Amino acid sequence: MSDRYPCGSLKRRGFLGAAASWPFAASLLSSSSSFAADEAQSRVVGSTSHHGPKIDALGKFAAPGLYPGRVVEVKNPAMIRNGARSREAVKATLDRGLKELTGAGDATAAWRTFFEPGDVVGIKVVPNGQPYAHSSFELVLETIEGLKAAGVKPGDIFVYDRYRQELLAAGYDKILPAGIRFGGLTADGGDQLALDFEGFRGDPIAGYDKDAFVWMDLVNYGDNPKDERAYRSHLGKFVTKVVNKIVAIPVLKDHGSAGVTGALKNMSHGSVNNVARSHTNTFTNVCNQFIPQVVTHPVIRSKFVLQIMDGIRGVYQGGPFADANSQGKWTWEYNALLLATDPVALDHIEWGIVDAKRVLEKLPPVAASGKSAIDPLGTEGFDVRQPQHIALAGALGMGNFDLKSSPRGRRHLVQHSVVNL
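Here the structure is a predicted model, which is why all the values come from computation and not from measurement.

Criteria and cut-off values
Every chain begins its residue count from 1, and numbering advances along the sequence as written. For this predicted model, a pLDDT threshold of at least 70 governs which residues receive local features, and a threshold of 80 or more governs which side-chain atom pairs are given and counted, while totals over whole chains, interfaces and linings are taken from all residues. Heavy atoms throughout the structure, all of them, feed into the side-chain values; hydrogens and water do not. In this description a helix means any DSSP run of H or I spanning at least four residues, a strand means any run of E spanning at least two, and both kinds are numbered starting from the N terminus. A 1.4 Å probe rolled over the protein chains alone gives each residue an accessible area, and that area as a share of the maximum for its type sets the label: buried under 20%, exposed over 50%, partly exposed in between. By definition in these notes, contact holds between two residues if any of their heavy atoms fall within 4.5 Å. Here, a salt bridge means any side-chain nitrogen of Lys or Arg that lies within 4 Å of a carboxyl oxygen of Asp or Glu. Take the number of residues in a helix, subtract one, and multiply by 1.5 Å to get its expected span. Think of it this way: DSSP has to see at least two bridges between two strands before they count as a pair. In this analysis, rings of Phe, Tyr and Trp, with Trp reduced to its six-membered ring, are considered paired at centre separations within 6.5 Å, and the interplanar angle assigns stacked below 30 degrees, edge-to-face beyond 60, and tilted for intermediate values. Angular values range over 0 to 180 degrees, each being the angle between N-to-C directions of two axes fitted as lines to C-alpha atoms, with helices fitted over their stretch in contact. The labels follow the angle: roughly parallel below 35 degrees, roughly antiparallel above 145, roughly perpendicular from 65 to 115, and oblique for the rest. By definition, turning the near helix anticlockwise from the far helix through less than a right angle yields a left-handed crossing, and turning it clockwise yields a right-handed one. Residue polarity follows a fixed list, in which Ala, Val, Leu, Ile, Met, Phe, Trp, Tyr, Cys and Pro are nonpolar, Asp, Glu, Lys and Arg are charged, and the others, Gly among them, are polar. What qualifies as a polar contact is a pair of N or O atoms within 3.5 Å, subject to a donor-acceptor requirement within protein and to the restriction that residues adjacent in sequence count only when both atoms come from side chains.

Asker: If you had to explain the overall build of the protein to someone new, which residues and values would you point to?
Answerer: Counting secondary structure elements, the protein contains 13 helices and 15 strands. Taking all 421 residues of the protein together, the buried fraction comes to 62%. Of the contacts formed within the protein by residues at least 6 apart in sequence, a portion of 75% connects residues at least 24 apart.

The following block contains the structure:
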């Protein structure tokens, strides 16, 4: 199955495409997807398609989290110059962003807003853009230091991705401090429906929870519709049973099927199995359905408490990859970190950043891109991209989408502040 799936395993290298476009979609969707201010509505648990541990009430960290609608972007031209990243500059930028987001007086106090002694924390990285646009090693290391400053023990910190092979190929295992554990939910790739893996049954990260899943009337094209497993995407056991909090480090990227791949897609496709059914081939792209349904699972929604988007080097076309074969084509040094607890607001801002870069490069906005839409480079891999998953997740209460102020000039629902260092 993975041979046919263009964006889900190490066999994904034939995948072509990428995208994003906020002005286009905002005009279509903002009126129907504005996030309700009512606290009760923002805590709706979701549909009966979600199965797993009973959660009577979502806690204060559940998306949209402590700071609904708030996105802090810190720009620092010293973070990367001519391809070389500076850990010192990354630390300064991260510290400033956390203070701006939380209002804390120092970075350690800001980390303690989210984490405390006794927490078991996963750091969800994105390795598949290495070596040009992955979750930067420097940012991962500073995140670990921040967690330790908040009182989290090194043995309770895990760096992970869905695919173990991609984590190792990127070299995360070689840069982590002693005591920090690492791995992948899917140990060996391959079977999209497998729940555990020979040789990895004692691994605290690998494998999926048979009792926690998202059921959808959606089957991977070509699979047997009589196989009940094809309708389920099981949550990783690591997500349901090991960690109580996750800090995510998505990367500023376009994406050939989802339009952009940011906080929401990192949460959905990085937390469950059977993801191939969301975008198997050119003509069966349903990221607009899959991503919102998965991220609203109460367990996923509750545990992703902080988003730190790596915009040090972004991808504006051809995402999610930026491997050595491409020689960094379609990447650019944006030199920013974007921090939020609201994944919808964060991804909407990311969408705009990617589209602005595409305009400069004379490419169509991502929402207007596709094999059956606009394809000036002849590289699109899907009939049409679907960044509208962001607005649809907002409509389900995952966060604030609307960028427009009211006719009377009240504050934007999404507050995007930019700080220059």
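Asker: Explain the pattern of salt bridges to me, using residue names and the numbers behind them.
Answerer: Under the definition given, this model contains 16 salt bridges. Measuring nitrogen to oxygen at the nearest pair gives 3.3 Å for the salt bridge that ties Lys148 to Glu145. Highlighted residues: Lys148 and Glu145, both in helix H5 (residues 137-149), separated by three residues, approximately one helical turn. For Glu145, a relative accessible area of 33% translates into the label partly exposed. Arg232 is the partner of Glu228 in a salt bridge, and the nearest nitrogen-oxygen pair spans 2.8 Å. Owing to a relative accessible area of 47%, Glu228 belongs among the partly exposed residues under this scheme.

Asker: How would you summarise unusual backbone geometry if you had to cite specific residues and measurements?
Answerer: Put simply, Ala63 and Pro64 share a cis peptide bond, and its omega is 15°. For Pro64, the location among the structural elements is in the loop between strand S1 (50-51) and strand S2 (70-75). Across the junction of Gln130 and Pro131, the peptide omega takes the value 10°, indicating a cis bond. With respect to the secondary-structure elements, Pro131 resides in the loop between strand S5 (121-124) and H5. Even without being glycine, Asn82 reaches a positive phi, approximately 55°. Summarising the element assignment, Asn82 is placed in the loop between strand S3 (80-81) and strand S4 (84-85). Unusually for a residue other than glycine, Asn274 sits at a positive phi of about 55°.

Asker: Can you lay out helix H3 (residues 87-102) for me, pointing to particular residues and giving the numbers?
Answerer: Structurally, the α-helix is built with 3.6 residues per turn, so residues lying three or four positions apart point the same way. Over its 16 residues, H3 extends 22 Å from the first C-alpha to the last, a length consistent with the 22 Å expected when each residue adds 1.5 Å. Residues of H3 that are buried: Ala89, Val90, Thr93, Leu94, Asp95, Gly97, Leu98, Leu101 and Thr102. Phi turns positive one or two residues past the end of H3, at Gly103, with a value near 80°.

Asker: Could you give me a rundown of the environment of Tyr160, with the residues and numbers involved?
Answerer: Following the sequence through the fold, Tyr160 ends up in strand S6 (residues 157-163). Given the relative accessible area of 0%, Tyr160 is considered buried. Put simply, Tyr160 and Pro127 are 33 residues apart on the chain and 9.5 Å apart in space, counted from C-alpha to C-alpha.

Asker: Go over helix H12 (residues 343-360) with me, naming the residues and quoting the values.
Answerer: Between its first and last C-alpha, H12 extends 26 Å over 18 residues, near the 26 Å set by a 1.5 Å rise per residue. The buried count for H12 comes to 15 of 18 residues, which makes it a mostly enclosed element. Where H12 ends, the next residue or the one after it, Lys362, has phi of about 60°, a positive value.

Asker: Residues and numbers for the sheet that holds S1, please.
Answerer: Spatially, S1-S8-S9 is the arrangement adopted by the three strands of the open sheet, whose pairing is antiparallel. Of all the strands in the sheet, the pair left with one neighbour each is S1 and strand S9 (232-236). Pairing between strand S8 (residues 208-215) and S9: four bridges, direction antiparallel. Each bridged residue has a counterpart across the sheet, and for Trp215 the counterpart in S9 is Arg232.

Asker: Would you mind going over the packing of aromatic side chains in detail, with residue names and values included?
Answerer: Under the definition given, this model contains 12 aromatic pairs. Here the aromatic rings of Phe114 and Phe115 are separated by 6.2 Å at their centres, their planes lie at 50°, and the arrangement is tilted. Phe115 matches Phe114 in its accessibility class, with the two residues each being buried. Arranged with centres 6.4 Å apart and planes meeting at 65°, the rings of Phe197 and Tyr208 form a pair that is edge-to-face. Here Tyr208 lies in strand S8 and Phe197 lies in the loop between strand S7 (181-186) and S8, a separation of 11 residues in the sequence. Taken as a pair, Phe197 and Tyr208 share a single burial class, namely buried. An aromatic cluster is defined as three or more aromatic residues linked by ring pairs; in this entry it consists of Tyr67, Trp111, Phe114 and Phe115.

Asker: With reference to specific residues and values, describe the environment of Lys362.
Answerer: Within the element layout of this structure, Lys362 appears in the loop between H12 and helix H13 (389-395). Here Lys362 falls in the exposed class, since its relative accessible area comes to 75%. Separated by 14 residues in the primary sequence, Lys362 and Pro376 place their C-alpha atoms 9.4 Å from one another.

Asker: Requested: an account of the packing of H3 against H5, with residues and values cited.
Answerer: Two numbers describe how H3 lies on H5: the axes approach to 9 Å, and their chain directions differ by 55°. Considering the angle they form, H3 stands oblique to H5. Of the two possible hands of crossing, H3 and H5 adopt the one that is right-handed. Between H3 and H5, the contacting residues are Arg87, Val90, Lys91 and Leu94 on the first element and Glu138, Leu139, Leu141, Glu142, Thr143 and Glu145 on the second. In terms of residue class, the contact of H3 with H5 is made up of four nonpolar, one polar and five charged.

Asker: Tell me about the side chain of Asn285, and please be specific about residues and values.
Answerer: Inspection of the secondary structure assignment puts Asn285 in the loop between helix H9 (263-269) and helix H10 (287-295). Given the relative accessible area of 10%, Asn285 is considered buried. A polar contact is formed between the side chain of Asn285 and the backbone oxygen of Val384, at a distance of 3.2 Å. Contact partners of Asn285, with chain neighbours within four places excluded, come to Ser257, Ser278, His279, Phe382, Val384, Arg385 and Gln386.

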